[in-house]
Amino acid sequence: MDDEQTDQVGTGSPILHMRCPMDVDPVLYRLLLGLVANVTPVVQAVPPSVLVADVSGSVRFFDRDPAELGRMVRARAMALYGLPVVVGVGPTWSVAAMASRDAAGRGVVAVGSAPEQVAAFLHHRPVGELYGIGHAQEQRLVRFGVHTIGLLAQLPEATVQRVLGGRAGRQLREVARGVDRRVVVPTELPHSTAGQRRFAIDTLSPEAVRAALLSLAVELGDRLRTRRQAAKAITMTVTLADRSQVHRSRQLPGGPTAHTDDLRDTAYEMYRALGFQRARVRGIALRCEQLVDAAAVAEQLSFDPGRERRLRAEKAIDLLNARFGSGTVGPAASYRQAG
């Protein structure tokens, strides 16, 4: 059986290929990695400005097609970090990478997985646009009369190997036909995650600070559960009106957790222990640290009916936020005005 029958054109997992500006700050790049990890755990960093993600498991979880997931990631990156990320969507790494080039002026470009859709996207293009081709390889093909990707795809494998060399010729011909055997190798998730709230006016109100801490606990808990991680410790940073800062760290008393209740209660206790009386607070931040895989954390049995009800409610809230966007549902007290 020849390779015309065995090659599986356009049947890979749906891939998002995301490009940041080339001069992106490394801190923002890592924040983007965490943001994409909220959508899929199968995300690979390709520094300094590219991320590649396999979203085959996320399509069903979010009930959105790959192109919609690409638009969601792009919108969140712009809203949270001001990053003008462009996204290519395709059934293979190379097709998605080429689509992300086209997305430079449009934001998101998606290529369907059907073989005819892949062919329509690839075959009319100049051979020099093929993902992974070098300048010298392009020139050899052009001298041979192969000006388009479609012509390269139609050449017999033996001919391409004579022109470009054995392994290189085979690989480029496969890419020209929409075949790419590379898989996304997950990059290790961040070992910490943080959020902050800044008050519009320096505040003396303990209630306003508690509302901000609750909002942070909701945000960080949701992020950890989405990433399937748990935190062992929390660090709190309080910025005062004179711009001085107070830092406190504490191990979570019940062991690693991603539950909003546990993060909130520890944050409340940490702030209470500071003993502020008339200190004006400008902003407050929480960082969850020493993150571990949630699958490795033994869930403690609880004999508190109230806690069990809250944990069930937490699961329902997670499902709603996954469907309609992070922050759609949460405690009313967490929506007090803090930037």
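This structure is a prediction, so every number in the text was calculated from the model and none was measured.

Rules and cut-offs
- Residues numbered from 1 in each chain as written.
- Predicted model: local features only at pLDDT ≥ 70, side-chain atom pairs only at ≥ 80, totals over all residues.
- Heavy atoms only, no water.
- Helix = DSSP H or I, 4+ residues; strand = E, 2+ residues; numbered from the N terminus.
- Buried < 20%, exposed > 50% of the residue type's maximum accessible area, 1.4 Å probe, protein only.
- pLDDT = per-residue confidence, 0-100.
- Contact = heavy atoms within 4.5 Å.
- Polar contact = N/O pair within 3.5 Å; in protein donor to acceptor, adjacent residues only side chain to side chain.
- Phe/Tyr/Trp six-rings, centres within 6.5 Å; stacked < 30°, edge-to-face > 60°.
- Lys NZ or Arg CZ within 6 Å of the ring centre and 35° of its normal.
- Core = buried A, V, L, I, M, F, W, Y, C linked by side-chain atoms within 4.5 Å.
- Pairing = 2+ DSSP bridges.
- Salt bridge = Lys/Arg side-chain N within 4 Å of Asp/Glu carboxyl O.

Participant: Honestly, unusual backbone geometry in this entry has me stumped. Any pointers?
Facilitator: Most peptide bonds are trans, and most residues other than glycine sit at a negative phi. With omega at 10 degrees, the peptide bond leading from Pro 47 into Pro 48 counts as cis. Mapped onto the elements of the fold, Pro 48 is located in the loop between β2 (43-46) and β3 (50-54). With phi around 75 degrees, Arg 243 is a residue other than glycine that occupies positive phi space. Checked against the element boundaries, Arg 243 lands in the loop between β8 (233-240) and β9 (245-251). Backbone geometry places Gln 290, a non-glycine residue, at a positive phi of 55 degrees. Owing to a relative accessible area of 40%, Gln 290 belongs among the partly exposed residues under this scheme.

Participant: Can you help me understand helix α5 (residues 93-102) in this one?
Facilitator: Helical periodicity: at 3.6 residues per turn, an α-helix aligns residues three or four positions apart in one direction. Burial analysis of α5 places eight of its 10 residues in the buried class, which makes it a mostly covered element. Within α5, burial applies to Trp 93, Ser 94, Val 95, Ala 96, Ala 97, Met 98, Ala 99 and Ser 100.

Participant: I'm lost on the confidence of the model for the protein in this one. Help?
Facilitator: Interpretation of the predicted coordinates at a detailed level should be avoided for regions scoring low in pLDDT. Averaged over every residue, the pLDDT of the protein is 86; residues scoring 70 or more account for 86%. Counted against residues more than four places away or in other chains, residues 1-11, with its pLDDT under 50, gives 21 contacts.

Participant: Sorry, what's going on with the environment of Thr 237 here?
Facilitator: Considering the arrangement of structural elements, one finds Thr 237 in strand β8. A sequence separation of 34 residues divides Thr 237 from Tyr 271, and the C-alpha atoms of the two residues are 9.7 Å apart. When sequence neighbours within four positions are dropped, the list of residues in contact with Thr 237 reads Gln 245, Val 246, His 247, Gly 283, Ile 284 and Ala 285. Looking at Thr 237, its side chain comes within polar contact range of the side chain of His 247, at 3.0 Å.

Participant: I would appreciate a short explanation of the packing of aromatic side chains in the present structure.
Facilitator: If you walk through the whole model with that rule in mind, you get two aromatic pairs. Ring geometry for Phe 61 versus Phe 62: centroids 5.1 Å apart, planes at 80 degrees, classification edge-to-face. Using a relative accessible area of 47% as the deciding quantity, one classes Phe 61 as partly exposed. Ring geometry for Tyr 271 against Phe 276: centres 5.8 Å apart, planes inclined by 70 degrees, an arrangement best described as edge-to-face. The class of Tyr 271 is buried, set by a relative accessible area of 14%. In this structure Phe 276 comes out as partly exposed when scored by relative accessible area, which is 25%. The ring of Phe 121 has Arg 125 lying over it, and the distance from NZ or CZ to the ring centre is 4.2 Å. The ring of Tyr 268 is capped by Arg 210, whose NZ or CZ atom sits 3.9 Å from the centre of that ring.

Participant: I keep staring at the nonpolar core and nothing clicks. Help me out?
Facilitator: Side chains of nonpolar character tend, in soluble globular proteins, to be buried together. Among the nonpolar cores identified, the biggest contains 33 residues, and Phe 121, Leu 122, Leu 130, Leu 141 and Leu 152 are the most heavily contacted of them. For this core, the elements supplying multiple residues, two or more each, are β3, α5, α6 (115-122), α8 (149-154), α9 (157-164) and α10 (166-176). Top element by residues in this core is α5. It accounts for six residues. Those residues in contact with Phe 121, other than ones at most four positions away along the chain, are Val 95, Met 98, Ala 99, Asp 102 and Val 111. In this structure, Phe 199, Val 246, Leu 263 and Cys 288 belong to the second largest nonpolar core, which totals 30 residues.

Participant: Would you mind showing me how to read the pairing of strand β1 (residues 15-19) here?
Facilitator: Remember that side chains alternate between the two faces of the sheet whenever the strand is regular. Burial of β1 is extensive: four of the five residues sit out of reach of the surface. Two strands pair when backbone bridges link them, and β1 and β3 are joined in this way by five bridges, in the antiparallel orientation. When the bridges of β3 are listed, His 17 appears paired with Val 52. Relative to strand β4 (residues 86-90), β1 runs antiparallel, the two sharing five bridges. Its bridge partner being in β4, Met 18 is matched across the sheet by Val 87.

Participant: Would you mind going over the side chain of Thr 257 with me for this structure?
Facilitator: Among the structural elements, Thr 257 can be located in the loop between β9 and α12 (260-274). Within the structure, the side chain of Thr 257 is placed 3.1 Å from the backbone nitrogen of His 259, a separation counted as a polar contact. Here the side chain of Thr 257 touches Asp 262 through a polar contact of 2.7 Å, side chain to side chain. Leave out the neighbours within four places in its chain, and Thr 257 touches Leu 224, Ala 230, Ala 231, Leu 252, Asp 262 and Leu 263.

Participant: Looking at this structure, how should I read the pattern of salt bridges?
Facilitator: Close approach of charged atoms allows side chains of opposite charge to pair. Per the counting criterion, the structure on display carries 13 salt bridges. The partner of Glu 219 in a salt bridge is Arg 197, with the nearest N and O atoms 2.7 Å apart. In this pair, Glu 219 is assigned in helix α11 (residues 206-227) and Arg 197 in strand β6 (residues 193-203), connecting sequence segments 22 residues apart. The exposure class of Arg 197 is buried, given its relative accessible area of 14%. Between Asp 202 and Arg 282 there is a salt bridge, and its shortest N-O distance comes to 3.0 Å. Of this pair, Asp 202 sits in strand β6 while Arg 282 is found in strand β10 (residues 281-289), placing the two residues 80 residues apart along the sequence. Residue classification places Asp 202 among the partly exposed positions, given a relative accessible area of 22%. By relative accessible area, Arg 282 is classed as buried at 16%.

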